[in-house]
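Coordinate analysis (summary)
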Amino acid sequence: MSRAVFITGTSTDVGKTFVSGLILKKLRAGKISAGYYKAALSGAEEAGGILIPGDAKYVCDVSGIKENPQTLVSFIYKTPVSPHLAARIERQPVDLEKIERDFNSLKSVYEYITVEGSGGLVCPLRVDDKIIMLTDVIKRLNLDIVIVASSLLGTINSTVLTVEYAKKLNIAVKGVIMNYFDENDFMHMDNKKQIEKFTGVPVIASVSKNSQDIGAEAEVIKRLYKEV
Ligand SMILES: Nc1ncnc2c1ncn2[C@@H]1O[C@H](COP(=O)(O)OP(=O)(O)O)[C@@H](O)[C@H]1O
Ligand SMILES: [Mg+2]
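Right, let's walk through the structure included here.

A few words on the overall build of the protein. A count of helices and strands for the protein gives eight helices and twelve strands. For 228 residues, the compact-globule estimate of 2.2 N^0.38 gives 17 Å, and the C-alpha radius of gyration of the protein, at 17 Å, lies within 12% of that figure. With the C-alpha coordinates aligned to their principal axes, the bounding extent of the protein is approximately 50 × 40 × 35 Å. Looking at the 228 residues of the protein, the share that counts as buried comes to 50%. Once local pairs closer than 6 in sequence are excluded, the contacts in the protein between residues at least 24 apart make up 76%. Of the roughly 10,600 Å² of accessible surface on the protein, 52% is carried by carbon and sulfur atoms.

Next up, the structure:
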């Protein structure tokens with residue numbers, strides 16, 4: 001039986017991939033069978049006629065996953081825009097059945113699967129005659145989420161909004177991970193306190209700039225994953 005968690009963020013570029021890399025590194029250092037999956041990635045680099053899914057490649061490199069990163073992402077787009085727009089331009093619509101199939105096949109390989117989202121929690125994946133949102137993927141795969149948030153000014157607002165939106169959709173939030181955290185910065189320390197107070201969700205790790213470690217025990221990380 002496998003376990004999985006969905007890593008989202010308060011926005012794009014907040015550090016979901018960076019944090020996922022550190023999580024996978026920690027689990028795999030503890031000899032845990034840990035893998036990575038991403039449903040849709042846009043802005044892929046082309047090399048030798050092949051689209052390289054940068055997020056998956058980064059996580060594999062940091063954590064020592066030997067798998068071809070292309071097999072860990074279901075929909076890879078070159079155009080660096082929201083997946084729904086890239087999908088329309090490249091005429092390759094996202095399809096939940098394929099996502100579920102690909103995720104299920106990873107379940108036969110890995111015990112702990114870290115699923116990285118695209119953008120923030122509100123992210124359209126397909127908008128044509130059909131609408132598929134990122135949250136539909138979370139629901140279809142039956143996952144709980146962890147939110148990567150910044151430690152900087154503005155993070156209370158974006159983190160509380162993300163948690164409230166998740167609650168509205170009945171998506172369980174297991175924890176917040178604060179990125180670019182500096183424990184000597186009184187505002188970062190206060191942001192952490194206020195986020196916990198106003199969301200009721202624990203900050204389970206605080207990651208500093210260029211950190212090589214997630215800063216939480218593997219046992220704590222493992223508790224974020226739910227049986228799937
Ligand atoms: N704690 C950190 N220290 C140094 N660089 C970071 C850190 N977090 C993120 N970055 C860098 O910031 C950029 C965006 O982060 P990334 O993890 O790709 O964001 P997301 O996956 O949320 O879009 C990347 O170049 C990444 O290496
Ligand atoms: Mg990413």
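To continue, consider the coordination of the magnesium ion (ligand 2). Coordination of the magnesium ion (ligand 2) by the protein is provided by Thr17 (OG1), Asp55 (OD) and Glu116 (OE), with metal-donor distances spanning 2.1 to 2.2 Å. Donor residues for the magnesium ion (ligand 2), ordered by position in the chain, follow T-x37-D-x60-E. Within this pair, whereas Thr17 is found in helix α1 (residues 16-29), its partner Asp55 is found in helix α2 (residues 54-63), the two being separated by 38 residues in sequence.

With that settled, the discussion passes to the site of ligand 1. If you check the shell around ligand 1, you find 13 residues, and the closest are Asp13, Thr17, Phe18, Asn179 and Asn210. Within the side chain of Tyr180, a nitrogen or oxygen atom sits 3.0 Å from a nitrogen atom of ligand 1. Within the backbone of Asn210, an N or O atom sits 2.7 Å from a nitrogen atom of ligand 1. Protein coverage of the free-state accessible area of ligand 1, which is 560 Å², stands at 74%. Sort the elements by how many residues they give to the shell around ligand 1 and α1 lands first, with three residues. Considered class by class, the residues forming the shell around ligand 1 number three nonpolar, six polar and four charged.

Among the secondary structure elements, Ser63 is positioned in helix α2. The class of Ser63 is buried, set by a relative accessible area of 10%. Within the local environment of Ser63, its side chain forms a polar contact with the backbone oxygen of Val59, the two atoms lying 2.7 Å apart. Excluding residues within four positions of it along the chain, Ser63 makes contact with Gly21, Leu24, Lys25 and Arg28.

As a further point, take the packing of aromatic side chains. Within this structure, the stated rule accounts for three aromatic pairs. Ring centres of Phe18 and Tyr58 lie 6.5 Å apart, and the angle between their planes is 25 degrees; on these two criteria the pair is classed as stacked. Of this pair, Phe18 sits in helix α1 while Tyr58 sits in helix α2, and the two are 40 residues apart along the sequence. In this structure Phe18 comes out as partly exposed when scored by relative accessible area, which is 26%. We classify Tyr58 as partly exposed; its relative accessible area is 33%. Considering the side-chain rings of Tyr112 and Tyr225, the 5.3 Å spacing of their centres and the 75 degrees angle between planes classify their relative orientation as edge-to-face. Here Tyr225 lies in the loop between α8 (218-222) and β12 (226-227) and Tyr112 lies in strand β6 (residues 112-116), a separation of 113 residues in the sequence. Taken individually, Tyr112 and Tyr225 each receive the classification buried, so the pair is uniform in this respect. Between Lys197 and the ring centre of Phe198, over which it is positioned, the NZ or CZ distance is 5.7 Å.

Further remarks concern the environment of Tyr110. As for its position among the elements, Tyr110 is in the loop between α4 (96-107) and β6. For the pair formed by Tyr110 and Glu45, sequence separation is 65 residues and the distance between their alpha carbons is 27 Å. In contact with Tyr110, other than residues within four places in its own chain, are Ser2, Arg28, Ser33, Ala34, Gly35, Ile65 and Glu67. Polar contacts involving the side chain of Tyr110 include one to the side chain of Glu67, which spans 2.5 Å.

Turning our eyes to something else, we now look at the pairing of strand β10 (residues 173-179). Within β10, six of the seven residues are buried, which leaves it mostly tucked inside the rest of the structure. Relative to β10, strand β9 (residues 145-150) is paired through six bridges, and the arrangement is parallel. Of the residues in β10, the one forming a bridge with Ile147 is Val176. The pairing of β10 with strand β11 (residues 203-207) spans four bridges and is classified as parallel. In the sheet register, Ile177 faces β11, and the bridge partner there is Ala205. Regarding the hand of the β-α-β motif, the stretch spanning β10, helix α7 (residues 186-199) and β11 is right-handed.

Cut-offs and rules
- Residues numbered from 1 in each chain as written.
- Chains lettered and ligands numbered in written order.
- Predicted model: local features only at pLDDT ≥ 70, side-chain atom pairs only at ≥ 80, totals over all residues.
- Heavy atoms only, no water.
- Helix = DSSP H or I, 4+ residues; strand = E, 2+ residues; numbered from the N terminus.
- Rg over C-alpha atoms; globule rule 2.2 N^0.38 Å.
- Buried < 20%, exposed > 50% of the residue type's maximum accessible area, 1.4 Å probe, protein only.
- Contact = heavy atoms within 4.5 Å.
- Areas by Shrake-Rupley, 256 points an atom, 1.4 Å probe, with all protein chains shown as cover.
- Donors = N, O, S within 2.8 Å, 3.2 Å for Na, K, Ca; no water.
- Near = heavy atom within 4 Å.
- Polar contact = N/O pair within 3.5 Å; in protein donor to acceptor, adjacent residues only side chain to side chain.
- Nonpolar A, V, L, I, M, F, W, Y, C, P; charged D, E, K, R; others polar.
- Phe/Tyr/Trp six-rings, centres within 6.5 Å; stacked < 30°, edge-to-face > 60°.
- Lys NZ or Arg CZ within 6 Å of the ring centre and 35° of its normal.
- Pairing = 2+ DSSP bridges.
- Right-handed = clockwise from strand over helix to strand, strands pointing away.

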